[in-house]
Every structure is written in structure tokens, then in C-alpha cells.
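# A structural walkthrough
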Amino acid sequence: MRKCALALLSLLAFAHTAICQDYKGLKDYYRDYFPAGVSVAPQSVAPGDEAVLIRKNFASLTAENVMKPQPIHPEENRYNWEPADQIVNFAQANGLKMRGHTLCWHNQTPKWFFEDKDGNPVSRELLLQRLRDHIYAVVGRYKGKVYAWDVVNEAISEQPDQMYRPTKWYQVLGEEYIAKAFEYAHEADPDALLFYNDFDTEKPAKRDHIYSMLKGLLNKGVPIHGVGLQGHWSIYDNLTAAGLEESITRFASLGLTVQITELDISIYPKDWNRKERRASDTTSFTPEKEQLQIDKYKMIFNVLRKHKDKVSGVTFWNISDRKSWLDTFPIKGRKDYPLLFDEALRPKKAFWEVVDFEK
Ligand code: GLA
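The structure contained in this document is the topic of the report that follows. (Residues numbered from 1 in each chain as written. Predicted model: local features only at pLDDT ≥ 70, side-chain atom pairs only at ≥ 80, totals over all residues. Heavy atoms only, no water.)

The topology assignment puts Leu 256 in the loop between helix H11 (241-252) and strand E8 (257-266). In this structure Leu 256 comes out as buried when scored by relative accessible area, which is 5%. In sequence terms Leu 256 and Thr 167 are 89 residues apart; their C-alpha atoms lie 25 Å from each other. Not counting chain neighbours up to four residues away, the residues in contact with Leu 256 comprise Leu 214, Leu 218, Ile 224, His 225, Gly 226, Val 227 and Phe 251. (Helix = DSSP H or I, 4+ residues; strand = E, 2+ residues; numbered from the N terminus. Buried < 20%, exposed > 50% of the residue type's maximum accessible area, 1.4 Å probe, protein only. Contact = heavy atoms within 4.5 Å.)

Here it is in C-alpha cells:
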């Protein structure tokens, strides 16, 4: 009986691997366009079906969480390298590019950055020194292994009438913290490509604010090479081909390269505020929703291929619908289906539409 069960299990595992292998991977379809990437946790690069899927489909990795300030630098004198090392080692062993994410952000950054040893608000000098030490340590460790860094994440306000997000970084250092972060990163690894990364980059006011901030930084000679459009979109938002093209071409007109750094298309209306789950929050991925998602993915990839001279990478935020950050955000426990692979790691219809251009 036990033997039988084992035989059945290995047969299933074999079939599963076969499913993962009998098609051409996303990265191969896009070889002449840009590297197709994905954000991962260390567990996903351990031996298993996700690692098989990654190797087959992706040419680039981003650490979903473990390189962020909180996980990698939880205390002033302690760095937690092991989880990030696992991902970087997997990238190296499999010849994948590696993006670093992220050096300076208002979220997932430990409190100690902003307090002195007596618990008082940090001084300007001390905060700059900490920013520099943090960036030197993290960028320095992965020098030559991480080819591009998201240096500053989400510095621009979501409010149309406000330029900078009023974060602790901004409160203590003013807008100068942005230039400083790029300068420190460049000093730590002069060969790395340095990105400014943000969401809602197609909303006109935010696009204008990002553009003018970048222009100002470049005029001052700040070492910045690219813009990351996060790409957390929804089947219901009003993202259009023209709007996306406008963002790509405007940012590229500054001489910057553009990447989509965190692509997913939620099957729910976009909402950036956490909410309690209500009985009316349904989770079904209906054929209608699936069609809207297919249409949106198709439109986005048409635009990206058209602008392949300006677009140097497209990274999905998570691997498959088996598990995504959107299963817990903004509503905990509400299942989402935002990616190109289903819960069994099989390519979805949207995958086939996105690679259909070759035929
Ligand atoms: C932002 C960050 C990412 C990630 C997502 C949500 O886009 O840049 O690192 O935290 O939010 O998971």
C-alpha cells in the first residue's frame, strides 16, 4: 500500500515536472526584447516546483522582501544576510540577472534609523551617516552580483497637490535624502544601474512630479540611470496604452532606461488602504474577469514590445496565483489571481496571449 502511494506520488511529481517543461519559457519568447523577471522569497528558490518554473521562465530575479531595510538591517549593528544570499546565490548558479530592492523607503524600515541612542529624534548628521552606512554595506556586499538597484522607493506623494511624500526621511533631511541615497549607492558600486521606483506612475500628476524630480536630480549631476514603474495594476483601472506610452517616453526622454519592476494585475479594483474582510468580498475568478485580465496583459506587453529600445526589464511581483502579496493586501484572506501562472503553476490563458506575438 505504502509502496503504491509512493509510486503514485513520484508519478505525480514527474507529471508535474513534465507540465512545467513542455512549453517554451516566457524569457525565451522575450529574448530579443528585455529580460523577464520575477520577485521571489528564499523558499521559492529552494529545490521544488517553483524553482523549476523560475529557471524555465525567468531571466532575472528581485528579492521580494529580504533586501529591504527591515529584514536585512534589523538593528544598527546587525545585518541579516542569509536570506538575501540564498536568492543571490541561486541567481548566480543559474545565470540569472539580479535586481536589488530596495535601499531607501518609508515602509519596512526599522525604527532605530530615526532615533538616537536615547530614543530622541535622530539628527540630520546621524541619519545621513546611517543611510550611507546602510547603503555601503548592502550594495557593497552584492557588488558585481546585483546589476541594478531600486535606490529610492516611493518618494513622491500620492496627493496630486503635494510633491514629496512626507516621510521620516523627508522630515529630517528634506528632499536632499534622495540625491544622497543615489550618490552613496554610486560610490558603493559605480557599475550598478540605479533606479528610482514608484507606483501609479501613469497618473498625470504623479507622472509630472516624478518627471520634474528626476529632471532636477539629473541637472544636478546625481547618478541616476533608470525609472521603475512598479506596475501594480488592476483589471478595473483606467490604465491605457496611451497613458503607459506617455510615461515610458517621457521618462526615457531624460536619457533614463525604464523597467516595469513589480508587475501584477489584480482582479479587484485597486485600493491601497488595508481593510477588514466583509461577507460581500467575493473571490471568484470569473471568465469575465479573466478576459479583462487577458486584455490588459496583452495591451501592456504590446506597448512594452513597441518600446523595447527604452524598456530594459519587466519583473512580475510574485511567481504564480498560488501565492501573491495580494492574497493579504488590502484585504486579508481575499484570494487574488494576478499573475501569468495558475495555482498549479501552469501557464494561464493570459500567458499564451502575452507570447502570441511570435506567431
Ligand atoms: C511596494 C514595494 C514592494 C512591495 C509591494 C507590495 O510596491 O516596492 O517592495 O512591498 O509594495 O508587496
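All right, on to the packing of helix H10 (residues 204-219) against H11 then. In helix packing, the relevant descriptors are the interaxial angle and the interaxial distance, both defined with respect to the helix axes. The geometry of H10 relative to H11 is characterised by a closest axis approach of 11 Å and an angle of 10° between their N-to-C directions. For the element pair H10 / H11, the angle class is roughly parallel. Of the residues in H11, those in contact with Arg 207, Asp 208, Ile 210, Tyr 211 and Leu 214 of H10 are Gly 243, Glu 246, Ser 247, Arg 250 and Phe 251. Among the residues forming the contact of H10 with H11, the class breakdown is four nonpolar, two polar and four charged. (Axes fitted to C-alpha atoms, helices over the stretch in contact; angles between N-to-C directions. Parallel < 35°, antiparallel > 145°, perpendicular 65-115°, else oblique. Nonpolar A, V, L, I, M, F, W, Y, C, P; charged D, E, K, R; others polar.)

A separate point is H10. For H10, with 16 residues, the first-to-last C-alpha span of 22 Å sits near the 22 Å given by 1.5 Å per residue. Of the positions making up H10, those classed as buried are Lys 206, Arg 207, His 209, Ile 210, Tyr 211, Met 213, Leu 214 and Leu 217. In this fold, the buried residues of H10 make contact with helix H9 (176-188), strand E5 (193-198), strand E6 (226-229) and H11. Positive backbone phi, at 80°, marks Gly 221, one or two positions downstream of H10. (Expected span 1.5 Å × (residues − 1).)

All right, on to the layout of surface pockets then. Of the voids in this model, the largest pocket is the one considered here, and its volume is about 870 Å³. Forming the boundary of the largest pocket are 35 residues, of which Lys 68, Trp 105, Gln 108, Trp 317 and Trp 325 lie nearest the centre. The set of elements that each furnish at least two residues to the lining of the largest pocket consists of strand E1 (36-40) and helix H3 (42-45). Within the lining of the largest pocket, the residues separate by chemical class into nine nonpolar, 16 polar and ten charged. Approximately 330 Å³ is the volume attributed to the second largest pocket. Forming the boundary of the second largest pocket are 17 residues, of which Glu 202, Lys 203, Asp 237, Asn 238 and Leu 239 lie nearest the centre. Those elements that place two or more of their residues in the lining of the second largest pocket are H10 and strand E7 (232-234). Residue classes in the lining of the second largest pocket are distributed as five nonpolar, six polar and six charged. (1 Å grid on protein atoms, 1.4 Å probe; cavity = no way out; pocket = protein on both sides within 12 Å on 5 of 7 lines; lining within 4 Å. Points joined across faces, edges and corners; volume = space filled by probe spheres on them.)

With that settled, the discussion passes to the side chain of His 307. One can find His 307 in the loop between helix H12 (287-306) and strand E9 (311-316). Overall, His 307 belongs to the buried group, its relative accessible area being 7%. Aside from chain neighbours lying at most four places away, what touches His 307 is Glu 245, Ile 248 and Thr 249.

Attention now moves to the site of the ligand. Lys 68, His 101, Trp 105, Gln 108, Asn 153, Glu 154, Gln 230, His 232, Glu 262, Trp 317 and Trp 325 make up every residue found near the ligand. With respect to the ligand, the side chain of Asn 153 contributes an N or O atom lying 2.8 Å from an oxygen atom. Expressed as a share of its isolated accessible area of 300 Å², the protein-covered part of the ligand is 90%. If you map the ligand onto the pockets, it falls in the largest pocket. A per-class count over the shell around the ligand returns three nonpolar, five polar and three charged. (Near = heavy atom within 4 Å. Polar contact = N/O pair within 3.5 Å; in protein donor to acceptor, adjacent residues only side chain to side chain. Areas by Shrake-Rupley, 256 points an atom, 1.4 Å probe, with all protein chains shown as cover. Sits in = over half its atoms within 2 Å of the grid points.)

Interpretation note: all reported values are geometric properties and have no functional meaning in isolation.
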